Amino acid sequence: MFLSFGAMAQEYDYVADNHSWSLSCNQSGYVLRSQYPVTRFHEAGAASSVTRQKETLYLGRACDASSTVLGEGKWCWANGGFFAEFAQARMGFPRQELVCPNNQNDFSGCSC
């Protein structure tokens, strides 16, 4: 089933790296929550590990990004979608647009 990204709703689906995410908004910016557990491999040589959990991705007004698993980073948007970049990973949301129902989503300074 495909969902329309143009629909105006409190929460709807986004897709990045084959995982689905729900969007909500607050005064600080956007909040994306994985709808299902995300499995990630963390490279660290002999101390490498795997996590499998639901994640939350915060995209702030100052173009800052924060992930409950990936740590701190930055994000930006362009005509081709938006992405968040961290030290060890980049999450792309191609052909998707962030839309908040409160119309206070002026992130013009966060363009790529």
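On a predicted model such as this, the values are computed, not experimentally measured, just so you know.

## Considering the nonpolar core
Grouped together as the largest cluster of nonpolar side chains are 21 residues, with contacts concentrated most on W21, L32, L57, L59 and F93. Top element by residues in this core is strand β9 (residues 81-86). It accounts for three residues. Apart from the residues lying within four places of it in its own chain, the contact partners of L59 are S28, G29, Y30, L32, D64, A65, W75, F82, A84 and L98.

## Topic: the side chain of R40
With respect to the helices, strands and loops of the structure, R40 is situated in strand β4 (residues 38-42). A relative accessible area of 14% means that R40 is categorised as buried. Among the polar contacts made by the side chain of R40, one reaches the side chain of E55 at a distance of 2.7 Å. If sequence neighbours within four positions are ignored, R40 has contacts with W21, S49, V50, T51, E55, V69, L70 and M91.

## Quick look at the pairing of strand β10 (residues 90-94)
The side-chain alternation of β10 yields one buried face, formed by M91 and F93, and one unburied face, formed by R90, G92 and P94. Bridge analysis of β9 against β10 gives five bridges, and the strand direction is antiparallel. The residue bridging G81 from the neighbouring strand is P94, located in β10. The antiparallel hairpin formed by β9 and β10 contains three residues in its connecting segment.

## Notes on the pattern of salt bridges
Under the definition given, this model contains one salt bridge. Across the salt bridge formed by R40 and E55, the nearest N and O atoms sit 2.7 Å from each other. Of this pair, R40 sits in strand β4 while E55 sits in the loop between β5 (49-53) and β6 (56-60), and the two are 15 residues apart along the sequence. Judged by its relative accessible area of 2%, E55 falls in the buried class.

What counts, and where the lines are drawn
Residues numbered from 1 in each chain as written. Predicted model: local features only at pLDDT ≥ 70, side-chain atom pairs only at ≥ 80, totals over all residues. Heavy atoms only, no water. Core = buried A, V, L, I, M, F, W, Y, C linked by side-chain atoms within 4.5 Å. Buried < 20%, exposed > 50% of the residue type's maximum accessible area, 1.4 Å probe, protein only. Helix = DSSP H or I, 4+ residues; strand = E, 2+ residues; numbered from the N terminus. Contact = heavy atoms within 4.5 Å. Polar contact = N/O pair within 3.5 Å; in protein donor to acceptor, adjacent residues only side chain to side chain. Pairing = 2+ DSSP bridges. Salt bridge = Lys/Arg side-chain N within 4 Å of Asp/Glu carboxyl O.

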